[in-house]
Amino acid sequence: MPTPLLSVFLAILISSSTTTADEATPVTRFQQYLRFKTAHPNPNYTAPVSFLTSIAESLGLKAQTFEFVAEKPVLLLTWTGSNPSLPSLLLNSHLDSVPAEPSKWIHPPFAAVRDQDGKIFARGAQDDKCIAIQYLEAIRNLKGRGFVPARTVHVSYVPEEEIGGEDGAQKFVASQVFDELRVGFVLDEGQASVNDEFRVFYADRSPWKVIIKAIGQPGHGSRMYDNGATENLMESVEVISRFRESQFDVLKAGKAPASEVISVNPVYLKAGIPSPTGFVMNMQPSEAEAGYDVRMPPAADPDLMRKRIAEEWAPAERNMTFEIQEKGPIRDLKGNPLVTATDDSNPWWSVFKQAIAAAGGKLGKPEILASTTDARFMRELGIPALGFSPMTNTPILLHDHNEFLEESVFLKGIGVYEHVISSLSSFEAVNDV
Ligand SMILES: [Zn+2]
């Protein structure tokens, strides 16, 4: 039994510690998370992982860290459902960010400054540290109301997304750990919407790096002969430009959005024989090459594209060869396009859509993402995955200078996830994977 004086002292201690705990809010936790320097090429993974782990533990979630590649941790949080035999729900986000040039920002990119309008400026504010914290804040609120999910909810934080995900999500998804999660449905990052409709993404485009090479007989610059390397390459460049134009015309005419055409962009040209003053001008070189960034929408046939490249872009009869570097899968393990159904054939979709409506939100027409995310690795296993970051009336600033998110948008997103997580984790119609 404490003496009266000690009781007073204890009461002060308890109330002051309570005050300190109250000072941390969803927004300050978001700001704290934004301050970790997670930009490539040297992302700090240790500090954000321990920060997230401590939040998870305070919420009573199980936290596990895996290193499928040394020093590239995957953090997995688990909220066990009342019926863990149901396929689980996975909420994914990536830990890393792209670099930022501080001199081009109005606030330092890792200071998470909140201006007087409530805009929080930081690299990663939209891509995708917002959802990382929103998932946890939604779980905090659901737990606070005594909600218990039926299916188990997992939250994963993966490294290396911004550089292709090979050492992050790809290894995680291929692991036995992932297999044992029995994931039925994934939510991953999406993008901001400039109007009041939430954007949702059901597929990504697959990036191909296409390199075409020509070889030919070297010769004097004065001689005209067939099959010179540069000449052969330039003929291919023309063929490729015509294909590029055909795709671009579809886009310009508004017949398809950018993410549904095959984009083709020349990124480098390499030819010529260097000399101390530039290039040797009276010699035709024996080698020439060009590099293209090609992005394939899921509806495009990769075999047909390979055939086109082999026959038209780099035909052997013109002494050409080619190389295609594919980043990640383009078809799932059953050979189907990496696409998540957004109709009532997918029960997860129907529940997701209803949850957004219940949260007072509107969903835009489902889209294909023009670039790629980690969701493609889950789709490769045939797991339905949607890209969704609840940001409306927000300029699209991912990878841009002065990336920011308004506090009110961030807070509204937490409420949206409360609806989404509670609905997706409690319907029992899908009971097998
Ligand atoms: Zn991202």
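Just so it is clear, the model here is predicted, and its values are computed rather than measured.

### Brief notes about the domain arrangement of the chain
Parsing the chain into structural domains produces domain 1 (25-200 + 342-426) and domain 2 (206-326). Facing the 5 residues of domain 1 at the interface are 7 residues of domain 2. Grouping the amino acids of the side of domain 1 that touches domain 2 by side-chain chemistry returns 3 nonpolar, 1 polar and 1 charged.

### Some points on unusual backbone geometry
Following His40, the chain continues to Pro41 via a peptide bond in cis, the omega torsion being 10°. You can see Pro41 is positioned in the loop between helix 2 (26-34) and helix 3 (46-58). Residues Asp127 and Asp128 are joined by a peptide bond in cis, for which omega reads -10°. Within the fold, Asp128 resides in the loop between strand 5 (119-121) and helix 4 (129-144). Positive phi, normally seen in glycine, also occurs at Asn319, with a value near 60°.

### Some points on the sheet that holds strand 21 (residues 404-406)
Taking strand neighbours across the sheet as the criterion, the 3 strands line up as 4-5-21 in an open arrangement whose pairing is antiparallel. In the strand order of this sheet, the two ends are held by strand 4 (113-114) and strand 21, each with one partner. Two strands pair when backbone bridges link them, and strand 4 and strand 5 are joined in this way by 2 bridges, in the antiparallel orientation. When the bridges of strand 5 are listed, Val113 appears paired with Phe121.

### Remarks on the confidence of the model for the chain
The share of residues in the chain with pLDDT of 70 or more is 94%, and the mean pLDDT across the chain is 93. The model gives residues 10-21 a pLDDT under 50, and that stretch makes 1 contact with residues more than four places away or in other chains.

### Remarks on the sheet that holds strand 12 (residues 263-271)
Taken together, the 4 strands give an open sheet; going across it, the order is 12-16-10-17, and neighbouring strands pair in antiparallel fashion. Edge positions in the open sheet fall to strand 12 and strand 17 (320-326), since each of these has one partner strand only. The average undirected angle you get between the axes of adjacent strands in this sheet is 20°. The sheet contact formed by strand 10 (residues 206-215) and strand 17 spans 7 bridges and is antiparallel. Among the inter-strand pairings, Lys209 is bridged to a residue of strand 17, identified as Gln325. Packed onto the sheet, helix 7 (residues 229-252) meets strand 10, strand 12, strand 16 (287-296) and strand 17 and runs at close to 15° relative to strand 16. Helix 8 (residues 302-313) contacts strand 10, strand 16 and strand 17 of the sheet and is inclined by roughly 155° relative to strand 17.

### Structural notes on the environment of Val237
In this fold, Val237 is placed in helix 7. For Val237, a count of 17 C-beta atoms within 10 Å puts it in the partly exposed group. Separated by 52 residues in sequence, Val237 and Glu289 have C-alpha atoms that sit 9.9 Å apart.

### Thoughts on the UniProt feature "binding site: Zn(2+) 1" (unreviewed entry) in the chain
Sites flagged by UniProt as "binding site: Zn(2+) 1" (unreviewed entry) map to His94, Asp127 and Glu189. Judged by maximum C-alpha separation, these annotated positions cover 96 residues in sequence but sit close together in space, the widest gap being only 8.6 Å. Relative to the elements of secondary structure, Asp127 occurs in the loop between strand 5 and helix 4. Apart from residues lying up to four places away in sequence, Asp127 is in contact with Ser97, Glu189, Leu398 and His399. Examined against the element boundaries, Glu189 turns out to sit in the loop between strand 7 (183-188) and strand 8 (197-198). Leave out the neighbours within four places in its chain, and Glu189 touches Ser93, Asp127, Asp128, Ile131, Thr373, Gly387 and Ser389.

### Focus: the UniProt feature "active site" (unreviewed entry) in the chain
The UniProt entry lists Asp96 and Glu161 under the feature "active site" (unreviewed entry), expressed in the numbering used here. A maximum C-alpha distance of 6.8 Å is found for the annotated residues, which run over 66 residues; spatially they form one tight group. Along the chain, Asp96 turns up in the loop between strand 3 (88-94) and strand 4. Residues within four places of Asp96 in sequence aside, it is in contact with Thr38, His40, Pro43, Pro159, Glu160, Glu161 and Glu162. With respect to the helices and strands, Glu161 occurs in the loop between strand 6 (153-158) and helix 5 (169-173). Here Glu161 is in contact with His94, Asp96, Gly168, Ala169, Thr373 and Asp374, once residues within four sequence places are set aside.

### Let's talk about the environment of Pro73
Inspection of the secondary structure puts Pro73 in strand 2 (residues 72-79). Since 21 C-beta atoms lie within 10 Å of it, Pro73 is described here as buried. Once the C-alpha coordinates of Pro73 and Gly190 are considered, the two residues, 117 residues apart in sequence, prove to be 22 Å apart. Beyond its immediate stretch of four places on either side in the chain, Pro73 contacts Tyr45, Val49, Thr65, Phe66, Glu67 and Pro159.

### With respect to the packing of helix 2 against helix 11 (residues 407-426)
Viewed as axis vectors pointing N to C, helix 2 and helix 11 meet at an angle of 110°, and their least axial separation amounts to 10 Å. As the angle between them shows, helix 2 and helix 11 are arranged roughly perpendicular. Taking contact as the criterion, the partners of Pro26, Val27 and Phe30 in helix 2 are, on helix 11, Glu407, Phe410, Leu411 and Ile414. The residue makeup of the contact of helix 2 with helix 11, split by class, is 6 nonpolar, no polar and 1 charged.

Calculation criteria
Residues numbered from 1 in each chain as written. Predicted model: local features only at pLDDT ≥ 70, side-chain atom pairs only at ≥ 80, totals over all residues. Domains from an automatic or database assignment. Contact = placed C-beta atoms within 7 Å. Nonpolar A, V, L, I, M, F, W, Y, C, P; charged D, E, K, R; others polar. Helix = DSSP H or I, 4+ residues; strand = E, 2+ residues; numbered from the N terminus. Pairing = 2+ DSSP bridges. pLDDT = per-residue confidence, 0-100. Axes fitted to C-alpha atoms, helices over the stretch in contact; angles between N-to-C directions. Buried ≥ 20, exposed ≤ 12 C-beta atoms within 10 Å, placed from the backbone. UniProt positions renumbered as here; feature names shortened; annotations may be inferred. Parallel < 35°, antiparallel > 145°, perpendicular 65-115°, else oblique.

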